[in-house]
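Residue-level listing of the chains:
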Amino acid sequence: MTRSSEPSGPGNTVTAAPSAPGFRQACAYWLRLGFVSFGGPAGQISIMHQDLVERRRWISEHRFLHALNYTMLLPGPEAQQLATYIGWLMHGTVGGLVAGVLFVLPSLLIMMALAWIYVVHHDLPVVSGIFYGVKPAVIAIVLAAAHRIGSRSLTTNFARLIAILAFLALLLGHTPFPLIIAGAAVAGFIVARLRPGWLTVAAGHQSANRNYGPALIDDNTPVPPHGRFSWRQVIFFAAAGLLIWGAMLSLLLWQSGWQGTFTQMGWFFTKAALLTFGGAYAVLPYVYQGAVQQFQWLNATQMIDGLALGEATPGPLIMIVAFVGFIGGWNATPFAPDMPVLAAIAGACTATFFTFLPSFIFIFVGAPAVEATRHELRISAPLAAITAAVVGVVLNLAVFFAGHVLWPQGFSGPVEVPALVLGLLATVALFRFR
């Protein structure tokens, strides 16, 4: 069969699947993605869809959305987990590790560099100027992501109703994200049992290849050998993950004792990783309470500045934990008083390691079962309902950003005109000129 590597799109007619990317080519892509993945999870998922589904056609839309639905159920950064999942599907365990690590590594390096500048040169006006210009563009990126996800998943009246209810539940009811996801899953399960026709299109994503042509990992492409479910594999990866976690925490315990800064960081960020349902903003109150009030690794002003850095840098928004670890290590200087930079780097790496380790375990343990059930309506229908709810969640996130960026003094205060102009220009650039 002749393979085609021509980029596809809505205007192209493609009849052949693309050539399979080599491992090096895939690594280069994941590294590039780590440097350009702005906009939080919504923007990052949008970038991956445009690259992997629309242009490169490495994976079909049905397989992409099925993986996305699974990551939305997990605690932790869903965009990083999605990259890990696709990397695993393409090149096995090593591919998943590389994809997940490279998705985070550029963000970690950039965050540590900016955190150092913040500590040493925090009064430079150019830093605040950069942050000011990036925030309005983030609003446009999130809106574009909501449009992309919605145009693919809101194909039935039931799916549209789920999206509207999810948006209102967050905006007006301040409903916890896990409850919204659970409610959508239950609604999808019930409708699949009683009225399966209501979710046929949304659950099966039947229009997956209508616009983009056949994909390398297409709807009916068999699961690769490494992706076949087995209890032996589940037990192996679960045990290996717990062993790695226990070994690293034991090393910190031996080095500094249970009350040591790094040991407490490892334990604290493990708990935070297991509570991050709904993205970084859902877990920020917990991180604030622990890092600022309980352990006093940094103060409230530094925490807010760290959030601004997280919004202005590529990678998951939860990378604010690297900033917290950096400042905490800098202030604690557990190695020696004259080596704050080394302690800060160790703190950032500790926080990042314990925050993201559970995500790898979840993917390697659960992905084979998810692949094995993608054609079962009783599984795919609830997941499709979750995707519909995510559209409402993303729209709510756009409203949240707009409120804080365009009305920094509250809705009763004046609108920030320069930010509004930048946001409108970014929106036109994305929607009109793509």
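Here the structure is a predicted model, which means the values were calculated and not measured. (Residues numbered from 1 in each chain as written. Predicted model: local features only at pLDDT ≥ 70, side-chain atom pairs only at ≥ 80, totals over all residues. Heavy atoms only, no water.)

## Things to note about the environment of Ile 363
Thinking step 1. Mapped onto the elements of the fold, Ile 363 is located in helix α14 (residues 340-372).
Thinking step 2. It is 9.8 Å that separates the C-alpha atoms of Ile 363 and Ala 67, two residues lying 296 residues apart in sequence.
Thinking step 3. Contact partners of Ile 363, with chain neighbours within four places excluded, come to Tyr 70, Thr 71, Leu 74, Gln 81, Thr 84, Tyr 85 and Pro 368. (Helix = DSSP H or I, 4+ residues; strand = E, 2+ residues; numbered from the N terminus. Contact = heavy atoms within 4.5 Å.)

## Points about helix α16 (residues 417-431)
Thinking step 1. Here α16 is 15 residues long and its end C-alpha atoms lie 21 Å apart, about the 21 Å a rise of 1.5 Å per residue gives.
Thinking step 2. Restricting attention to buried positions, one finds in α16 the residues Ala 419, Gly 423 and Ala 426. Here the buried residues of α16 occupy an arc of 65° about the axis, which is enough to place them on one side. Every exposed residue of α16 that faces more than 90 degrees away from the buried side is listed here: Leu 424 and Leu 425. (Expected span 1.5 Å × (residues − 1). Buried < 20%, exposed > 50% of the residue type's maximum accessible area, 1.4 Å probe, protein only. Arc of directions from axis to C-beta.)

## Regarding the pattern of salt bridges
Thinking step 1. Tallying each qualifying case throughout the model produces 3 salt bridges.
Thinking step 2. The partner of Asp 51 in a salt bridge is Arg 55, and the shortest N-O contact between them spans 4.0 Å. With Asp 51 and Arg 55 both in helix α2 (residues 40-55) and 4 residues apart, the pair spans about one turn of that helix.
Thinking step 3. Of the charged contacts in the structure, one is a salt bridge between Glu 371 and Arg 63, with a shortest N-O distance of 2.9 Å. Of the two residues, Glu 371 is situated in helix α14 and Arg 63 in helix α3 (residues 61-73); the sequence distance between them amounts to 308 residues.
Thinking step 4. The class for Arg 63 is buried, based on a relative accessible area of 1%.
Thinking step 5. Connected through shared salt-bridge partners, Arg 32, Asp 51 and Arg 55 make up one network. (Salt bridge = Lys/Arg side-chain N within 4 Å of Asp/Glu carboxyl O.)

## Some details on α14
Thinking step 1. A rise of 1.5 Å per residue sets the reference length of α14, with its 33 residues, at 48 Å; its end C-alpha atoms lie 49 Å apart and thus fit the reference within 8%.
Thinking step 2. Where α14 bends most, at Gly 366, the angle is about 45°, and the proline Pro 368 comes one to four residues later.
Thinking step 3. Most of α14 sits out of view: 24 of its 33 residues are buried. (Bend = angle between axes of the 7 residues up to and from the residue.)

## Here's the deal with the environment of Thr 427
Thinking step 1. The residue Thr 427 is located in helix α16 in this model.
Thinking step 2. In this structure Thr 427 comes out as partly exposed when scored by relative accessible area, which is 22%.
Thinking step 3. Distance in space between the C-alpha atoms of Thr 427 and Val 138 is 9.6 Å, their sequence separation being 289 residues.
Thinking step 4. When sequence neighbours within four positions are dropped, the list of residues in contact with Thr 427 reads Ala 140 and Arg 432.

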